[in-house]
Amino acid sequence: MQVAVIGANGGIGRELVSRLADAGHDPIGVVRDESQFDTVRERGGEPRLGDLEGEFAPALRGADAVVFTAGSGGDTGWDETLLIDLWGARRSIDACVEHGIDRFVIISAYSASEPLAEPEALRPYRVAKRCADDYLERSPLDATILRPTTLTDEAGTGHVSAAFDYRGEDGDAIPRADVAQTVVACLANEETVGETIRLFGGDTPIENAIRPTD
Ligand SMILES: NC(=O)c1ccc[n+]([C@@H]2O[C@H](COP(=O)([O-])OP(=O)(O)OC[C@H]3O[C@@H](n4cnc5c(N)ncnc54)[C@H](OP(=O)(O)O)[C@@H]3O)[C@@H](O)[C@H]2O)c1
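Throughout what follows, the structure given in this document is the object of discussion. Keep in mind the model is a prediction, meaning the values are calculated, not measured.

### Overview of the state of the cysteines
Reasoning step 1: With the rule as written, the count across this model stands at zero disulfides.
Reasoning step 2: The thiol of Cys-131 is unpaired, and the distance to the nearest cysteine sulfur, on Cys-96, comes to 19 Å.
Reasoning step 3: Its relative accessible area of 36% is what places Cys-131 among the partly exposed residues.
Reasoning step 4: No disulfide involves Cys-186; its nearest neighbouring cysteine sulfur is the one of Cys-96, lying 16 Å away.
Reasoning step 5: Of the residues examined, Cys-186 reaches a relative accessible area of 0% and is grouped as buried.

### Let's talk about the sheet that holds strand 8 (residues 159-163)
Reasoning step 1: Strand order across the open sheet formed by nine strands is 3-2-1-4-5-6-10-8-11, with mixed pairing between neighbours. Each having just a single partner strand, strand 3 (46-49) and strand 11 (204-205) make up the two edges of the open sheet.
Reasoning step 2: The pairing of strand 8 with strand 10 (residues 195-201) spans four bridges and is antiparallel. Paired with Ser-161 across the two strands is Phe-200, which belongs to strand 10.
Reasoning step 3: Running at roughly 170° to strand 1 (residues 2-6), helix 1 (residues 11-22) makes contact with strand 1, strand 2 (26-31), strand 4 (65-68) and strand 5 (103-107) of the sheet.
Reasoning step 4: Contacts from helix 3 (residues 78-99) reach strand 1, strand 4 and strand 5, with the element oriented near 175° to strand 4.

### Here's the deal with the nonpolar core
Reasoning step 1: In this structure, Leu-16, Leu-20, Leu-146, Val-183, Leu-187, Ile-197 and Leu-199 are the most contacted members of the largest nonpolar core, which totals 30 residues.
Reasoning step 2: Of all the secondary-structure elements, those providing two or more residues to this core are strand 1, helix 1, helix 2 (37-42), strand 4, strand 5, helix 5 (176-187), strand 10 and helix 6 (206-209).
Reasoning step 3: When residues of this core are assigned to their parent elements, the largest contribution, seven residues, is made by helix 5.
Reasoning step 4: Other than its neighbours up to four places away in sequence, Leu-16 contacts Val-5, Val-67, Ala-180, Val-183 and Val-184.
Reasoning step 5: One finds Val-30, Ala-95, Leu-136 and Leu-141 within the second-largest nonpolar core, a separate group that totals 27 residues.

### Here we look at the packing of helix 3 against helix 4 (residues 123-138)
Reasoning step 1: Remark: helix 3 packs on helix 4, axes separated minimally by 9 Å, with the N-to-C direction vectors making an angle of 5°. As summarised for this structure, helix 3 and helix 4 are arranged roughly parallel, according to the angle between their axes. Here Trp-78, Thr-81, Asp-85, Leu-86, Ala-89, Arg-90, Ile-93 and Asp-94 of helix 3 lie close against helix 4, whose contacting residues are Pro-124, Tyr-125, Ala-128, Lys-129, Cys-131, Ala-132, Tyr-135 and Leu-136.
Reasoning step 2: Here the residues of the contact of helix 3 with helix 4 are counted per class, giving eleven nonpolar, one polar and four charged.

### A word on the site of the ligand
Reasoning step 1: Residues in close proximity to the ligand total 25 residues, the closest being Gly-11, Ile-12, Ala-70, Tyr-125 and Lys-129.
Reasoning step 2: With respect to the ligand, the backbone of Gly-11 contributes an N or O atom lying 2.8 Å from an oxygen atom.
Reasoning step 3: Side-chain polar atom of Asp-51 to a nitrogen atom of the ligand: 2.9 Å apart, as the coordinates give it.
Reasoning step 4: Compared with its free state, where it exposes 920 Å², the ligand has 80% of that area covered by protein.
Reasoning step 5: Taken together, the elements giving at least two residues each to the shell around the ligand come down to helix 1, helix 3 and helix 4.
Reasoning step 6: The residue inventory of the shell around the ligand, partitioned by class, reads nine nonpolar, ten polar and six charged.

Thresholds applied
- Residues numbered from 1 in each chain as written.
- Predicted model: local features only at pLDDT ≥ 70, side-chain atom pairs only at ≥ 80, totals over all residues.
- Heavy atoms only, no water.
- Disulfide = S-S within 2.5 Å.
- Buried < 20%, exposed > 50% of the residue type's maximum accessible area, 1.4 Å probe, protein only.
- Pairing = 2+ DSSP bridges.
- Helix = DSSP H or I, 4+ residues; strand = E, 2+ residues; numbered from the N terminus.
- Contact = heavy atoms within 4.5 Å.
- Axes fitted to C-alpha atoms, helices over the stretch in contact; angles between N-to-C directions.
- Core = buried A, V, L, I, M, F, W, Y, C linked by side-chain atoms within 4.5 Å.
- Parallel < 35°, antiparallel > 145°, perpendicular 65-115°, else oblique.
- Nonpolar A, V, L, I, M, F, W, Y, C, P; charged D, E, K, R; others polar.
- Near = heavy atom within 4 Å.
- Polar contact = N/O pair within 3.5 Å; in protein donor to acceptor, adjacent residues only side chain to side chain.
- Areas by Shrake-Rupley, 256 points an atom, 1.4 Å probe, with all protein chains shown as cover.

As structure tokens, this is what we get:
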């Protein structure tokens, strides 16, 4: 499957491009600067230019699925949060609808479950994430929403803890590599379409953890 990764130069994005290639997919790494092309190529992806604040839809050409793992990061203001995490996600969803790309996985955040929770300072970020998730949920796409808790750069374990219902309790931090591997597992499991999955560090093999329970 051709899978376009929006945010391919990011922490999760880099891990994801490698893991998609390892799983036999053809990853497209969408980045906003040509200096990042080699990083994508070294990981087995085809680099393409796309800026969420400018033109990016042509970079999705030919994709069967899109993964949105871009983010404005913690060093920018709420203006960038709005433009990337909310509006960029929304434009990505619209581009998929317009171009007939049915499968979409978004990396949201655990805290999007409850935007008004403490700490108050992060409320705008959580609202942006939540509104992007809600927009995706209402779209006609085959969507999976992943809401990881705090991310780390530890090595992947191949194991996570997943929750399909919001229980209000946070869990252990999770390596970005394990979030990336969860995306690969979701793309291979149709049962995850239509699901919102909260992700934590844990000890359940990823393929088992993402199986919805009725
Ligand atoms: N940090 C946490 O603990 C945490 C917890 C839960 C969820 N999340 C979410 O998980 C997602 C991935 O996290 P991460 O740590 O992998 O993120 P990251 O390393 O900050 O990567 C984000 C990527 O988005 C790209 N990006 C930003 N603006 C863009 C634009 N205008 N056009 C195209 N690409 C753009 C960045 O490009 P450049 O490389 O060019 O800057 C970067 O590669 C984010 O949405 C984040 O909010 C984070």
